[in-house]
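For reference, the chains in residue letters:
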Amino acid sequence: MTRRVRLALFLASAVGLAVVLGFALAGLPGFDADLGRYASFVASHAVSQRRGTNSVVDVAFDYRAIDTLAEELMIFVAAVGAAVLLAHARDESDEGQAADLEALRAPSTSDLLRTFGPGLAAVAIVLGVYIVTHGHLSPGGGFQGGVILSTALVLVFVAGRTLAAARTRPLAPLEVAEAVGAAGFALIGLGGLVFASVFFENFLPLGTKGSLLSAGTIPLSNVAVGIEVAGAFALVFAELVDQMVLGRGGDT
Amino acid sequence: MIAVQWTALALTALAGTVVVLIREPRRQTVASGVFGLVLGLLFFAFQAPDVALSEIVVGSVALPAMVLLALAKIERSE
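Remember, predicted model here, so these are calculated numbers, not experimental data. (Residues numbered from 1 in each chain as written. Chains lettered and ligands numbered in written order. Predicted model: local features only at pLDDT ≥ 70, side-chain atom pairs only at ≥ 80, totals over all residues.)

### A look at the overall build of chain A
Inference 1: Secondary structure assignment for chain A yields ten helices and zero strands.
Inference 2: Counting only residues that meet the buried cut, chain A has 36% of its 252 residues in that class.
Inference 3: Contacts spanning at least 24 positions in sequence make up 77% of the contacts within chain A whose residues lie at least 6 apart. (Helix = DSSP H or I, 4+ residues; strand = E, 2+ residues; numbered from the N terminus. Buried ≥ 20, exposed ≤ 12 C-beta atoms within 10 Å, placed from the backbone. Contact = placed C-beta atoms within 7 Å.)

This is how it looks when you write it as structure tokens:
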């Protein structure tokens, strides 16, 4: 394609996009518009029906849990795909190479990072576990907590000598965590099918509003998704560190 | 809309522009981390704390870290 053809193509599509987008934006409800019917129903009924005080999580892990299952499987597949692609060039003999490289790169991080990194990783773990387990009570939930948990691993990589962490990289446990979390969430959905004849029906006792063990299957789903998301993000990150530090796959 | 929301919107526009204007990839990555943080504040100001939590972690830690690793890999293979 010549420059003029490309320009003409761009102008035509840009005008088309502007028209369609302008049409869509003009039809949006105003900033202070009333809630839709679904939103009004959820806002007034979710907490009394499901006893979870965070109605966002009531929707995501109960009313519309099947949507969340699809989203969760999307992360699962993305992480597995990245791991498969990046692990393609892995080789057992790299362990020896890792030791040599470690000697070369030992003093690469500052004292400050090495001192505060592990402490911050501990904070990230506590915060992540809190956000996951209190998802049905306060803002947060499985996804948010899971991502925070995976940052603990990032902090370890950044704070420690990169290679020392890379050699003990927990790839196998991360893969297991990812799989167990994804399977657990799907099993909770099947539990609804078995005990209440509806997929993802909340089949556990709902308990008292505001207590940690309440809202039936919602906290369980949060924990499953938290484990899955933490595993998935950490897995992709660990594989990338693996690639970078050892320079594997660079020549393939 | 209240002042906090206007401030958050203005900061987001500013941070986004800065990310685009920086041309050096590594600096740009750090700036995009700051943009993620500002976007988290925006979501918080618009009463979506759940989304804000995800955005702060993904936008200011996970995404820049992965971009930096990819950049390091590209430099190594060149």
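### Describing the interface of chain B and chain A
Many descriptions give the size of an interface as the accessible area lost when the pieces come together.
Inference 1: With 16 residues of chain B at the interface, the matching set in chain A holds 20 residues.
Inference 2: Broken down by class, the residue content of the side of chain B that touches chain A amounts to eleven nonpolar, two polar and three charged. (Nonpolar A, V, L, I, M, F, W, Y, C, P; charged D, E, K, R; others polar.)

### Describing the confidence of the model for chain A
Regions with low pLDDT should not have their predicted coordinates read in detail.
Residues and elements named next belong to chain A.
Inference 1: Averaged over all residues, the pLDDT of chain A is 80; the fraction at 70 or higher stands at 83%.
Inference 2: Predicted confidence in chain A is weakest over helix H8 (residues 162-167), with a mean pLDDT of 53, and strongest over helix H1 (residues 3-26), with 94.
Inference 3: Counting interchain partners and residues more than four positions distant, the pLDDT-below-50 stretch residues 248-252 has 13 contacts. (pLDDT = per-residue confidence, 0-100.)

### Remarks on the nonpolar core
Inference 1: Counting residues in hydrophobic clusters, the biggest one holds 54 residues, and the most contacted among them are Phe 233 and Phe 237 of chain A.
Inference 2: Top contributing element to this core by residue count: helix H10 (residues 217-246) of chain A, with 16 residues.
Inference 3: Phe 237 of chain A has contacts with Ser 150, Leu 153 and Val 154 of chain A together with Ala 65 and Met 66 of chain B, leaving out every residue within four places of it along the chain. (Core = buried A, V, L, I, M, F, W, Y, C linked by C-beta atoms within 7 Å.)

### Looking at helix H9 (residues 171-196) of chain A
Inference 1: The terminal C-alpha atoms of H9 of chain A lie 37 Å apart, and with 26 residues this matches the ideal 38 Å at 1.5 Å per residue to within 8%.
Inference 2: A positive backbone phi angle near 55 degrees is found at Ser 197 of chain A, which sits one or two residues after H9 of chain A. (Expected span 1.5 Å × (residues − 1).)

### Describing the packing of helix H4 (residues 65-86) of chain A against H9 of chain A
All names here are of chain A.
Inference 1: Orientation of H4 relative to H9, taken along the N-to-C sense of each, is 160 degrees, at an axis distance of 11 Å. When the axes of H4 and H9 are compared, the pair comes out roughly antiparallel. Regarding H4 and H9, the two cross each other, and that crossing is left-handed. From H4, Ala 65, Leu 69, Glu 72, Leu 73, Phe 76 and Ala 79 reach across to H9, where they touch Glu 178, Ala 182, Phe 185, Ala 186 and Gly 189. (Axes fitted to C-alpha atoms, helices over the stretch in contact; angles between N-to-C directions. Parallel < 35°, antiparallel > 145°, perpendicular 65-115°, else oblique. Left-handed = near helix turned anticlockwise from the far one by under 90°.)

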